[in-house]
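# Structure assessment
Listed here are the chains, written in short residue letters.
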Amino acid sequence: MTLRQDRLANDYRSLQKLCVFNESVKPVKITILEARGNPPDYYRIQLSNCKGVESVSGSTPKYRTEHIICIKDFPESYPDTGVLPVVKLEAPMFHPNVYSDGRFCFRGSDLQKVNEPLDALVKRVIRMIQYENLRFGVPANSTARDWANINQHLFPLNKLNWR
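The structure displayed is predicted, hence computed values, not measured ones.

Conventions used here
- Residues numbered from 1 in each chain as written.
- Predicted model: local features only at pLDDT ≥ 70, side-chain atom pairs only at ≥ 80, totals over all residues.
- Heavy atoms only, no water.
- 1 Å grid on protein atoms, 1.4 Å probe; cavity = no way out; pocket = protein on both sides within 12 Å on 5 of 7 lines; lining within 4 Å.
- Points joined across faces, edges and corners; volume = space filled by probe spheres on them.
- Nonpolar A, V, L, I, M, F, W, Y, C, P; charged D, E, K, R; others polar.
- Helix = DSSP H or I, 4+ residues; strand = E, 2+ residues; numbered from the N terminus.
- Expected span 1.5 Å × (residues − 1).
- Buried < 20%, exposed > 50% of the residue type's maximum accessible area, 1.4 Å probe, protein only.
- Contact = heavy atoms within 4.5 Å.
- Core = buried A, V, L, I, M, F, W, Y, C linked by side-chain atoms within 4.5 Å.
- Phe/Tyr/Trp six-rings, centres within 6.5 Å; stacked < 30°, edge-to-face > 60°.
- Lys NZ or Arg CZ within 6 Å of the ring centre and 35° of its normal.

### Notes on the layout of surface pockets
- By volume, the second largest pocket amounts to about 190 Å³.
- As for the second largest pocket, its lining consists of eleven residues, of which Leu-84, Pro-85, Phe-104, Phe-106 and Arg-107 are closest to the centre.
- Residue classes in the lining of the second largest pocket are distributed as eight nonpolar, two polar and one charged.

### Notes on helix α1 (residues 3–20)
- The end-to-end C-alpha distance of α1, which contains 18 residues, comes to 26 Å, matching closely the 26 Å that a straight helix rising 1.5 Å per residue would cover.
- Every buried residue of α1 is accounted for by Arg-4, Arg-7, Leu-8, Ala-9, Asp-11, Leu-15 and Leu-18.
- Residues of α1 that are buried in the fold lie against β1 (29–37), β2 (40–48) and α2 (118–129).

### So, unusual backbone geometry
- Here the residue pair Asn-38 and Pro-39 is connected by a cis peptide bond, since its omega of 0° sits within 30 degrees of zero.
- Here Pro-39 lies in the loop between β1 and β2.
- The step from Tyr-78 to Pro-79 runs through a cis peptide bond, and the omega angle for that step is 15°.
- Relative to the assigned elements, Pro-79 resides in the loop between β5 (67–72) and β6 (86–89).

### Considering the nonpolar core
- Among the nonpolar cores identified, the biggest contains 26 residues, and Ile-45, Leu-47, Ile-71, Phe-104, Leu-118 and Ile-129 are the most heavily contacted of them.
- Elements with a contribution of two residues or more to this core: α1, β2, β5, β6 and α2.
- Ranked by residues supplied to this core, first place goes to α2 with seven residues.
- Aside from chain neighbours lying at most four places away, what touches Ile-129 is Leu-47, Cys-50, Lys-51, Gly-52, His-67, Leu-89, Met-93, His-95, Phe-104 and Leu-157.

### A short note on the packing of aromatic side chains
- All chains considered together, the criterion is met by seven aromatic pairs.
- Taking 6.2 Å as the distance between ring centres and 35° as the angle between the ring planes, the aromatic pair formed by Tyr-12 and Tyr-43 counts as tilted. Separated by 31 residues along the polypeptide, Tyr-12 in helix α1 and Tyr-43 in strand β2 bring together distant segments of the chain.
- Classification of Tyr-12 by relative accessible area gives partly exposed; the value is 26%.
- Taking the centre distance of 6.2 Å and the plane angle of 15° together, the rings of Phe-104 and Phe-106 count as stacked. By the burial criterion, Phe-104 is buried, and Phe-106 matches it.
- Three or more aromatic residues link up through ring pairs in this structure, and these residues are Phe-94, Tyr-131, Trp-147 and Phe-155.
- Sitting over the face of the ring of Tyr-42, Arg-36 holds its NZ or CZ atom 3.8 Å from the ring centroid.
- For the cation-ring pair, Arg-103 lies above Tyr-99, with the distance from its terminal atom to the ring centre recorded as 4.5 Å.

Spelled out as structure tokens, the structure:
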């Protein structure tokens, strides 16, 4: 096996464990809906009970708690430092680090400097969706960044009593 294949296999095992033992991102439930490849290099993952901002009308946010993310297009040089797969939401998200097509933007973040396993990347995406980190780096959506900076009192969205 190559280093890339070893890492992909380890990533798959770690992601499976995260789905079962997701203590660090409770109350979010993580489910692998699809994994393709041997070892997998394409994933569809459902995040349940993960509060994020779907859209904003005026200054009022509309929330969504169910998300499906696709993780795909692992570069040939994966797992080199700062080399990431594409992470994309299937439904709209109003967030400074999410492009209008659903792709997450990691430019300007510490991910460009580290070699993080896939389960840690999924945890980071969950924290991003819930606005736990208000350092947005280079924004993919400057309107969402401006709204978030004005509405910091709403965050993080993962407060246990948010319903």
